[in-house]
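Summary of structural features
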Amino acid sequence: MIFFRVIQWVVWKDLISEVRSRETISSMFFFALIVILVFSFSFSMDQQAARELISGIIWVAFAFTGIIGLGKSFSAELQNDCLEFLQMSPAPKGAVYLGKVAANVVFMVTVEVILFPMFVIFFNLDVVEELPLLLLIFLLGTLGLSTVGTLFSAMTVQIRAREVMLPILLLPLAVPVMIAAVEATRGALNGNPMALYRHWLELLAVFDVVFTVVSFWAFEFIMDS
Amino acid sequence: MIAVRGLQVSKSYGHFQVLRDLSFEIATGECYALFGPNGSGKTTLLRILATLHRPSTGRFEIMGHDGVTEREAVRSNLLLLAHGSYLYDELNAVENLRFAMAMRGASPTDRQIKLALDHAGIGAFADMKIRQFSAGMKKRLALAKAVLVRPQVLLLDEPYTSLDEAGMGMMNRFIRDIVKEGAAVLMTTHDRAKSAEVAHRAGVLSKDVLRPLTLDDLRTNDLF
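Position labels on residues start from 1 in each chain and follow its written sequence. For this description, chains carry letters from A and ligands carry numbers from 1, given in the order in which they are written. At least 70 in pLDDT is required for a residue's local features to be given in this predicted model, at least 80 for side-chain atom pairs to be given and counted, and no such filter applies to totals for whole chains, interfaces and linings, which use all residues.

1. As for the interface of chain B and chain A
Of the residues lining the interface, 21 residues belong to chain B; the matching set on chain A comes to 20 residues. Only DSSP runs of H or I with at least four residues qualify as helices, and only runs of E with at least two residues qualify as strands; both kinds are numbered from the N terminus onward. The set of elements that each furnish at least two residues to the side of chain B that touches chain A consists of α2 (71-77) and α3 (93-102) of chain B. Of all the elements, α2 of chain B adds the most residues to the side of chain B that touches chain A, at three residues. In terms of residue class, the side of chain B that touches chain A is made up of 11 nonpolar, five polar and five charged. Once C-beta atoms are placed from the backbone, any two residues with those atoms within 7 Å are in contact. Amino acids are sorted into nonpolar (Ala, Val, Leu, Ile, Met, Phe, Trp, Tyr, Cys and Pro), charged (Asp, Glu, Lys and Arg) and polar (every other residue, Gly among them).

Next up, the structure:
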């Protein structure tokens, strides 16, 4: 019971802090907006070509935007030594981790939901029928990035060059998630039968579970070291 | 009963030895004031006892729980008020207290929170964001947190810093109350006069040696 209450409170604390400061989401949003604009001016494509390339562009934007949010997730705890407070609190560290993951997923999905219509407009995509499936893919991909990213955010928060170290550590490990997310998104955008890309979705789900379990277990050691 | 026990606790960072073979005991219902020059290792000792650092060698116990192998039990029994306020800038005073207590598995009532804030003399600022708090108000809010938690072991790192005369009085009143209830308090401080009002024992940590002091020493002698 305490475990779930701690998750709830950590999510509440991170969300309410963000709603009041708007530091993380606004920087994520403007970064992603620049990425979309740069790509849209770099490639002039018809709809078919766009459908082939756009999945990669979407996930590049989502991943790098996510890294901004993930980095802030724990660096915000450095203010007033709040990280120490979390370290020495008797709260289950796994619950703190899951709360942080949940809050990061909310931030990232919020930005993605705002940005995706811009992709649709700038790249002239017709995605009405595939929308529910795309949202599922975004959620699974974002969860995969968030589970491992939250762990690395905690690992690198005390390092002086944390802004550099987080992507260096995170991106190689997130490659399987990125590949699966890109392939699943491409399948959905092309309107392919589900059977052709179902395995990518399953792979995403498996990675999410594996990353969550391993990171959950590792988080306590990181917070205690 | 012994609340805090250190057995040959040493701590070094690389080749720099901060603490060497410190052994000490603090009983329940006792307040111990620890003095020492800057860099003598007072804060390091508190951070070890608060489970933020591990001792390089030696061991310690809090309320009978081993400080290295039973960290969760130790953390449930103690509270550290340190230089950092451990407060979230975007939350107000009440929200910070609620969050801090939730992290300890407790959910205080509105009345308990109001009493704690009043006890620390900041009841009027309950809805103000921490971003707008002065250093002294943050210290008072940390005191309100201690009032709510009422830990069995209270570790205080420079408790009087940033506090005005009234705030120092509130801090000492709380220390007296909690010690009377059976808690053990270990404080590091440079304020001899204020700490002499509440301390039962005192010691000075200097050049790796913990030397006991009498309360008269606090008033008269050159400690270091």
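2. Focus on the pairing of strand β4 (residues 57-62) of chain B
Regular strands have side chains that alternate between both faces of the sheet. Residues and elements named next belong to chain B. Bridge count between strand β1 (residues 2-13) and β4: five bridges; the pairing is antiparallel. Residue pairing across strands places R5 opposite E61, the latter belonging to β4. Note that β4 and strand β5 (residues 65-66) share two bridges and pair antiparallel. The residue bridging I62 from the neighbouring strand is H65, located in β5. At least two bridges found by DSSP between two strands is the condition for calling them paired. Hairpin geometry of β4 and β5 is characterised by an intervening segment of two residues between the two adjacent antiparallel strands and by a positive phi of about 50° at M63.

3. Points about the sheet that holds β1 of chain B
All names here are of chain B. With respect to topology, four strands assemble into an open sheet ordered β2-β1-β4-β5, the strand pairing being antiparallel. A strand with exactly one partner marks an edge of an open sheet, and here the two such strands are β2 (16-27) and β5. Pairing geometry for β1 and β2, over eight bridges, is antiparallel. For V9, the partnering residue across the bridge sits in β2 and is L22.

4. What about the sheet that holds strand β10 (residues 209-213) of chain B?
Residues and elements named next belong to chain B. Pairing is mixed across the open sheet formed by six strands, whose spatial order is β6-β7-β8-β3-β9-β10. Edge positions in the open sheet fall to β6 (78-81) and β10, since each of these has one partner strand only. For this sheet, the mean inter-axis angle between neighbouring strands, taken without regard to orientation, is 20°. Inspection of the sheet shows strand β3 (residues 30-35) paired to strand β9 (residues 201-206) by four bridges, in the parallel sense. In the strand pairing of β9, F35 is matched with V204. In this analysis an axis means a line fitted to C-alpha atoms, helices contributing only their contacting stretch, and an angle means the value between N-to-C directions, from 0 to 180 degrees.

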